[in-house]
Amino acid sequence: MITRCYLEITNICNLDCLFCPKTERVKRSLSPDEFDRLTARLQGRVKFLYFHLMGEPLLHAHLPHFIVMARDRGFVPVLTTNGTLLSRAQAVIEALPHKIQISLHSHEGNGKDNPEQYIGDVMHFATGAASRGIIVVLRLWNQGGYDSCNERLLELMSGYIPRPWTERYDGWRLADNIYLEYDHIFEWPDSNREEYPQEEAFCYALRNQVGVLVDGTVVPCCLDHAGAVPLGNLFEQPLEEILDSSRARAIYDGFTRHEAVEPLCRRCGYMSVTKRFRK
């Protein structure tokens, strides 16, 4: 079983983050029928269903329905959002996703002002969601860049949940079901970039994660934002057939040998520079 599937329900976003690679793919969103067809092919083969690859999931009118449908089909639903639309997302709380990840670094990444309003909306939503048993992860994945506002954001958060917070290996536990998580900024994989040195290449792509773009294209991981490594189409093929393709097997077996066989993987800053994956 694949642990995580990143299912892109829309590739449309309401922001223009400096650190985001964007996508030149045709803008579209999944219809309820398309979501039904894709999740039927993923059912029993995937545990956590992430409603994100590119795009802002809270823009999708059917998101609460999708969450309920996913849970009813045995998935563990997880959302990642930039946090700018939370003031109108009460229906998402009622749908009871397992976890919601809020990328606080998107605020500075768009040169936004008025952090007071932004953090107020985030913390109001976070405390309401947490009270319903939903895990909320507030993410500052901007260490080393776009992080000059972090101290101000922390100060504002402490006005809603006073310190001291409980320190963790990757940040803090602010309260029951509410966490603050740090990570380094990274370079998204880019086919036009020079290759990184590959002294010890390893990634969990196709080992415990897979991505499905909004047109049904299956990609190895959540960072293939352009669909540069298409493995098949889930609208047309079962997942088992796609994962057993020669290209997919080559990627999997390559990482088993600590070798990145795809040119895009050799240009991935998440894997190569930050050395997140050890095997």
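The structure reproduced in this document is the subject of the present report. (Residues numbered from 1 in each chain as written. Predicted model: local features only at pLDDT ≥ 70, side-chain atom pairs only at ≥ 80, totals over all residues. Heavy atoms only, no water.)

To continue, consider the overall build of the chain. Secondary structure summary: the chain contains 9 helices and 11 strands in total. What you see for the chain is a C-alpha radius of gyration of 19 Å, in line with the 19 Å of a compact globule of 279 residues. Taken along the three principal axes of its C-alpha coordinates, the chain extends 55 × 45 × 30 Å. In the chain, which comprises 279 residues, the proportion classed as buried is 52%. Counting contacts in the chain only where the partners sit at least 6 residues apart, residues at least 24 apart contribute 68% of the total. Only carbon and sulfur atoms are counted for the fraction: they give 49% of the accessible area of the chain, which is about 12,700 Å². Each charge class in the chain was averaged separately, 31 positive and 36 negative side chains, and the resulting centres sit 4 Å apart. (Helix = DSSP H or I, 4+ residues; strand = E, 2+ residues; numbered from the N terminus. Rg over C-alpha atoms; globule rule 2.2 N^0.38 Å. Buried < 20%, exposed > 50% of the residue type's maximum accessible area, 1.4 Å probe, protein only. Contact = heavy atoms within 4.5 Å. Areas by Shrake-Rupley, 256 points an atom, 1.4 Å probe, with all protein chains shown as cover. Lys, Arg positive; Asp, Glu negative; His and termini not counted. Charge placed at Lys NZ, Arg CZ, Asp CG, Glu CD.)

Let's shift gears to the pattern of salt bridges. When their charged atoms lie close together, side chains carrying opposite charge are able to pair. All chains considered together, the criterion is met by 17 salt bridges. Notably, a salt bridge pairs R152 with E155, separated by 3.3 Å at the nearest N-O pair. Placement of the pair is R152 and E155 together in helix α6 (residues 150-158), with a separation of 3 residues, close to one helical turn. Judged by relative accessible area, R152 falls into the partly exposed class, the value being 32%. Overall, E155 belongs to the partly exposed group, its relative accessible area being 47%. (Salt bridge = Lys/Arg side-chain N within 4 Å of Asp/Glu carboxyl O.)

With the rule as written, the count across this model stands at 9 aromatic pairs. Arranged with centres 4.8 Å apart and planes meeting at 85 degrees, the rings of F186 and Y270 form a pair that is edge-to-face. Of the two residues, F186 sits in the loop between β8 (178-184) and β9 (209-212) while Y270 sits in helix α9 (residues 269-272), which places them 84 residues apart along the sequence. Each member of the pair, F186 as well as Y270, carries the same accessibility label: buried. Taken together through their ring pairs, the aromatic side chains of F35, F51 and F66 make up a single cluster. (Phe/Tyr/Trp six-rings, centres within 6.5 Å; stacked < 30°, edge-to-face > 60°.)

Okay, the nonpolar core next. F35, F51, I102, L104, L138 and M157 are the most contacted members of the largest nonpolar core, which totals 88 residues. Setting aside residues up to four positions removed in sequence, F35 forms contacts with L7, I9, L30, L49, F51, F66, M69 and A70. (Core = buried A, V, L, I, M, F, W, Y, C linked by side-chain atoms within 4.5 Å.)

Bringing the side chain of E8 into the picture now. With respect to the element layout, E8 can be found in the loop between β1 (2-7) and α1 (32-42). When its relative accessible area of 0% is taken as the criterion, E8 is described as buried. At 3.1 Å, the side chain of E8 forms a polar contact with the backbone nitrogen of M54. Of note is the side chain of E8, whose polar atom sits 2.9 Å from the backbone nitrogen of V214. Filtering out sequence-adjacent residues up to four positions away, E8 remains in contact with R25, L30, L53, M54, V212, L213 and V214. (Polar contact = N/O pair within 3.5 Å; in protein donor to acceptor, adjacent residues only side chain to side chain.)

On to α1, then. Along α1, the residues classified as buried are E34, F35, L38, T39 and L42. Looking down the long axis of α1, one finds its buried residues gathered within 120 degrees of arc, a one-sided arrangement. Residues of α1 that are buried make contact with β1, β2 (46-50), α2 (63-72), β9 and α7 (239-243). G44 occupies a position one or two residues after α1 and carries a positive phi of about 80 degrees. (Arc of directions from axis to C-beta.)

Once that is clear, we can look at the sheet that holds β9. Taken together, the 11 strands give an open sheet; going across it, the order is β6-β7-β8-β5-β4-β3-β2-β1-β9-β10-β11, and neighbouring strands pair in mixed fashion. What marks the edges here is a single partner per strand, and that holds for β6 (166-168) and β11 (232-233). Direction of pairing for β6 relative to strand β7 (residues 171-175): antiparallel, over a ladder of 3 bridges. The residue bridging T166 from the neighbouring strand is R173, located in β7. (Pairing = 2+ DSSP bridges.)

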